[in-house]
Amino acid sequence: MLVVYTDLDGTVLDHETYSFDAARPALDRLREQQVPLIPCTSKTRAETEMWRARLQNPHPFIVENGGALFVPEGYIPMNLLHATARREGYEVFEFGDPYLELVEILRAAALESQCRVRGFHDMTVEEVAKTCGIPPDQAAKAKRREYDEPFEVMAGDSDRLLEAIARRGKRCTQGGRFYHILGANDKGRCVDLMNRLYRQAFGEIRTAGLGDGMNDAAFLRLVDYPVIIRSAACARLQPLIPRARVTGHPGPDGWNRAVLEILQTHAAR
């Protein structure tokens, strides 16, 4: 059994337009072969549910940089699940810290380091929409955060800010557009749990992962076929996953080619 984990922005979705037209051949092939595609993203649950519907994807998903794993009820045998909570048709495994706690720590760290920051909590729906290049309805979903605060450093020394955050027991990572403050969670912890659930339920699996940012490193290290989608972060990301292949093309075009190659390689095993 093959399982594919993927980031969304800058991979299956174009970084600027959010189109996934170039990825359709591989998406269709995954559905035809009944290969689970697990979104592993910094997006919120509300955003990810929207994209799952557009991608016709019924599988589990990981949100807010590993803040939580959502598994549809009945997807995995119940005796294997020890979820944190059940919520609106999902078994939920929560790893992240409370959102408002992260917001307050970011503010305190910014004050100490004399940095000016702008997080999603400080931004209106219209400001998020303009910054991300998305419609207001999607921006509203992006602001419905539970475990992770994206932010920009508007002025000051970002290294001093990150040190101040670390002294307060929190972590930072970088996605394609923003820094993110979070707790001990990362995408890798959720992928590791999902792998264990799949193996317990269905036996041996092979795994693939596709990402383009520093926040993808943790889960790309765990998979059998790691792929870095070409991006500005490649030079920093590749040394962290030396066995990963880097695509020749960015965005959904590179993602599409890589997934089709993975499917071909897996079929030949």
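Our structure is the block above this text.
Residues numbered from 1 in each chain as written. Predicted model: local features only at pLDDT ≥ 70, side-chain atom pairs only at ≥ 80, totals over all residues. Heavy atoms only, no water.

1. Quick look at the pairing of strand 9 (residues 171-174)
Sheet faces and side chains relate simply in a regular strand, where the side chains alternate between the two faces. Judged from the 4 bridges that link them, strand 9 and strand 10 (residues 179-182) form a sheet pairing that is antiparallel. Each residue of the ladder has a partner; that of Thr173, found in strand 10, is His180. The antiparallel pairing of strand 9 with strand 10 creates a hairpin that spans 4 residues between the two strands. (Pairing = 2+ DSSP bridges. Helix = DSSP H or I, 4+ residues; strand = E, 2+ residues; numbered from the N terminus.)

2. Remarks on the pattern of salt bridges
Applying the stated criterion to the full structure yields 24 salt bridges. The partner of Arg107 in a salt bridge is Glu104, with the nearest N and O atoms 3.2 Å apart. Here the residue Arg107 and the residue Glu104 both occupy positions in helix 3 (residues 99-113), the gap between them amounting to 3 residues, near one helical turn. For Glu104, a relative accessible area of 46% corresponds to the partly exposed category. Salt-bridge contacts for Arg168 lead to Glu112; the nearest nitrogen and oxygen are separated by 2.7 Å. In this pair, Arg168 sits in the loop between helix 6 (158-167) and strand 9 while Glu112 sits in helix 3, placing the two residues 56 residues apart along the sequence. Connected via shared salt-bridge partners are Asp7, Lys187 and Asp216. (Salt bridge = Lys/Arg side-chain N within 4 Å of Asp/Glu carboxyl O. Buried < 20%, exposed > 50% of the residue type's maximum accessible area, 1.4 Å probe, protein only.)

3. Some points on the layout of surface pockets
Counted as a void, the largest pocket has a volume near 290 Å³. Lining the largest pocket are 19 residues, and of these Gly176, Asp212, Ser231, Ala232 and Ala233 sit closest to its centre. By volume, the second largest pocket is sized at about 150 Å³. At 3 residues, the largest contribution of residues to the lining of the second largest pocket is made by helix 1 (residues 24-32). Considered class by class, the residues forming the lining of the second largest pocket number 6 nonpolar, 4 polar and 1 charged. (1 Å grid on protein atoms, 1.4 Å probe; cavity = no way out; pocket = protein on both sides within 12 Å on 5 of 7 lines; lining within 4 Å. Points joined across faces, edges and corners; volume = space filled by probe spheres on them. Nonpolar A, V, L, I, M, F, W, Y, C, P; charged D, E, K, R; others polar.)

It is worth stressing that arrangement in space is one thing and function is another; only the former is reported here.
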